[in-house]
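So you can see what is in the structure, the chains are spelled out below.
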Amino acid sequence: QVQLVESGGGLVQAGGSLRLSCAASGRTFSSYNMGWFRQAPGKEREFVARISASGGSTYYADSVKGRFTISRDNAKNTVFLQMNSLKPEDTAVYYCAAGWLTDSYNYWGQGTQVTVSS
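Here is a short report on the structure shown in this document. (Residues numbered from 1 in each chain as written. Predicted model: local features only at pLDDT ≥ 70, side-chain atom pairs only at ≥ 80, totals over all residues. Heavy atoms only, no water.)

## Side note on the overall build of the protein chain
Rules: By definition, any uninterrupted DSSP run of H or I lasting at least four residues is a helix, any uninterrupted run of E lasting at least two residues is a strand, and each is numbered from the N terminus. C-alpha atoms define the radius of gyration, and 2.2 Å times the number of residues to the power 0.38 defines the globule rule. Note on definitions: a residue-residue contact is assigned when non-hydrogen atoms from the two residues lie within 4.5 Å. In short, Shrake-Rupley with a 1.4 Å probe defines the accessible areas, and a residue's cover is counted only from the protein chains shown.
Looking only at helices and strands, the protein chain features zero helices and eleven strands. Its C-alpha radius of gyration of 13 Å places the protein chain within 12% of the 13 Å reference for a compact globule of 118 residues. Overall, the protein chain is about 40 × 25 × 25 Å in size when its C-alpha atoms are taken along their principal axes. By sequence separation, contacts in the protein chain at least 24 residues apart represent 54% of the contacts at least 6 residues apart. Here the protein chain displays about 6100 Å² of accessible surface, and carbon together with sulfur accounts for 46% of that area.

Take a look at the structure:
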């Protein structure tokens, strides 16, 4: 069982930056692939970025490529999402997720709100 807690969301102006964190419980964090997803009001949840268990492989949605960076610190059981050049369309609740298989997630956090004003 893994519990995930996101933090770092908030209100920021367009062009600004935020860094989201996702702290995981348990001693097997380094075994999980980690992902970030987001859900805007009235829209379906969408994939943002993922990182392999070792941190050696990352993948991004086209909409955030070049602006967002996913990273992890396995010693601290934490995954990060650095978000730069934020746009109003990035406004959403951001969720982190953990899973054993690529693109298959077993555990989800409660989400953190990111609001980008124009």
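## Remarks on the side chain of Arg67
Worth spelling out the cut-off: Summary of the burial criterion: residues with accessible area below 20% of their type's maximum are buried, those above 50% are exposed, and those between are partly exposed, where the area comes from a 1.4 Å probe applied to protein chains only. Contacts described as polar in this section are N or O atom pairs within 3.5 Å, which, within protein, must combine one atom able to donate a hydrogen with one able to accept it, while residues neighboring in sequence count only if both atoms come from side chains.
Among the secondary structure elements, Arg67 is positioned in the loop between β6 (58-60) and β7 (68-73). Judged by its relative accessible area of 11%, Arg67 is buried. At 2.9 Å, the side chain of Arg67 and the backbone oxygen of Ser63 are in polar contact. Not counting chain neighbours up to four residues away, the residues in contact with Arg67 comprise Gln82, Met83, Asn84, Ser85, Leu86, Lys87 and Asp90.

## Here's the deal with the sheet that holds strand β3 (residues 18-24)
Using the following cut-off: For two strands to pair, DSSP has to find at least two bridges joining them. Simply put, an axis is a line fit to the C-alpha atoms, just over the touching stretch for a helix, and the angle between two N-to-C directions goes from 0 to 180 degrees.
On the basis of which strands lie adjacent, the open sheet formed by four strands has the order β1-β3-β8-β7 and antiparallel pairing. A single partner strand is all that each edge strand has here, and the edge strands are β1 (4-7) and β7. Neighbouring strand axes in the sheet, compared pairwise and without regard to direction, differ in orientation by 15° on average. Here β3 runs beside strand β8 (residues 78-83); their pairing, made up of six bridges, is antiparallel. Bridging from a neighbouring strand, Ala23 pairs with Thr78 of β8.

## Notes on the nonpolar core
Let me state the cut-off plainly: Residue types Ala, Val, Leu, Ile, Met, Phe, Trp, Tyr and Cys, when buried and joined through side-chain atoms within 4.5 Å, form a set referred to as a nonpolar core.
With 31 residues, the main nonpolar core has Leu4, Met34, Trp36, Leu81, Met83 and Tyr94 as its most contacted residues. Elements with a minimum of two residues in this core: β3, β4 (33-39), β5 (46-51), β7, β8, β9 (92-99) and β11 (112-117). Residue contacts for Leu4: discarding those within four places in its chain leaves Cys22, Ala23, Ala24, Met34, Cys96, Ala97, Ala98, Tyr107, Trp108, Gly109 and Gln110.

## Overview of the pairing of β5
Relative to β5, β4 runs antiparallel, the two sharing five bridges. Across the sheet, residue Met34 finds its bridge partner in β5, namely Ile51. Hairpin remark: β4 followed by β5, antiparallel, with six residues in the connecting loop; positive phi at Gly42, about 80°. Here three bridges tie β5 to β6, and the two strands are oriented antiparallel to one another. Bridge assignment links Arg50 to a residue of β6, and that residue is Tyr59. Joining the antiparallel neighbours β5 and β6 is a turn of six residues, in which Gly55 adopts a positive phi near 90°.

## Notes on the state of the cysteines
Basically, it comes down to this: By definition, disulfides here are pairs of cysteine sulfur atoms that lie within 2.5 Å.
Taken as a whole and assessed by the stated rule, the structure comprises one disulfide. Put simply, Cys22 and Cys96 are joined by a disulfide, and their sulfur atoms are 1.9 Å apart. Between Cys22 and Cys96, the S-S dihedral sits near 45°, and the bridge is therefore right-handed. Placement of Cys22 in strand β3 and of Cys96 in strand β9 is noted, with a sequence separation of 74 residues between them. By the burial criterion, Cys22 is buried, and Cys96 matches it.

Everything listed here is a matter of geometry and, on its own, says nothing about what the molecule does.
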